[in-house]
Amino acid sequence: MQFVVTLEQDEDGFVVAECTSLPGCLSQGKTRDEALANIREAIEGYLASLRKHGEPLPSTEVTSVEVKVA
């Protein structure tokens, strides 16, 4: 499975990673690479929990659109 992950730098300098297909699935790291490794682990844990509880796996189909604001 593949998921879209967003990365943002917070006010403390950490990189925050979020997987919007999985509500509440967030992680962070001191670097981009660390944040990506941590969100990968968080996604794996999230999916394991869904499977354990017999919940359906989410759709990984995402449409990304850029919106220009003046």
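Presented here is a report on the structure given in the accompanying data block.

About the criteria used
Residues numbered from 1 in each chain as written. Predicted model: local features only at pLDDT ≥ 70, side-chain atom pairs only at ≥ 80, totals over all residues. Heavy atoms only, no water. Buried < 20%, exposed > 50% of the residue type's maximum accessible area, 1.4 Å probe, protein only. Helix = DSSP H or I, 4+ residues; strand = E, 2+ residues; numbered from the N terminus. Pairing = 2+ DSSP bridges. Axes fitted to C-alpha atoms, helices over the stretch in contact; angles between N-to-C directions. Contact = heavy atoms within 4.5 Å.

1. Considering the pairing of strand 3 (residues 26-29)
Both faces of the sheet carry side chains from a regular strand, because those side chains alternate between them.
Piece 1. Residues of strand 3 alternate between two faces, with S27 and G29 buried on one and L26 and Q28 left unburied on the opposite face.
Piece 2. Pairing of strand 2 (residues 15-18) with strand 3 involves four bridges; the strand directions are antiparallel. Bridging across to strand 3, V15 finds its partner in G29.

2. Brief notes about the sheet that holds strand 1 (residues 6-9)
Piece 1. With respect to topology, three strands assemble into an open sheet ordered 1-2-3, the strand pairing being antiparallel. Each end of this open sheet is capped by a strand with a single partner; those strands are strand 1 and strand 3. Mean inter-strand twist for the sheet, computed between neighbouring axes without regard to direction, equals 25°.
Piece 2. Relative to strand 2, strand 1 runs antiparallel, the two being bridged by four bridges. When the bridges of strand 2 are listed, T6 appears paired with E18.
Piece 3. Here helix 1 (residues 32-52) sits on the sheet and contacts strand 1, strand 2 and strand 3; the angle it forms with strand 3, its principal contact strand, is near 150°.

3. Concerning the side chain of S21
Piece 1. Relative to the helices and strands, S21 is located in the loop between strand 2 and strand 3.
Piece 2. Among all residues touching S21, those that are not within four sequence positions of it are F3, P58, S59 and V62.

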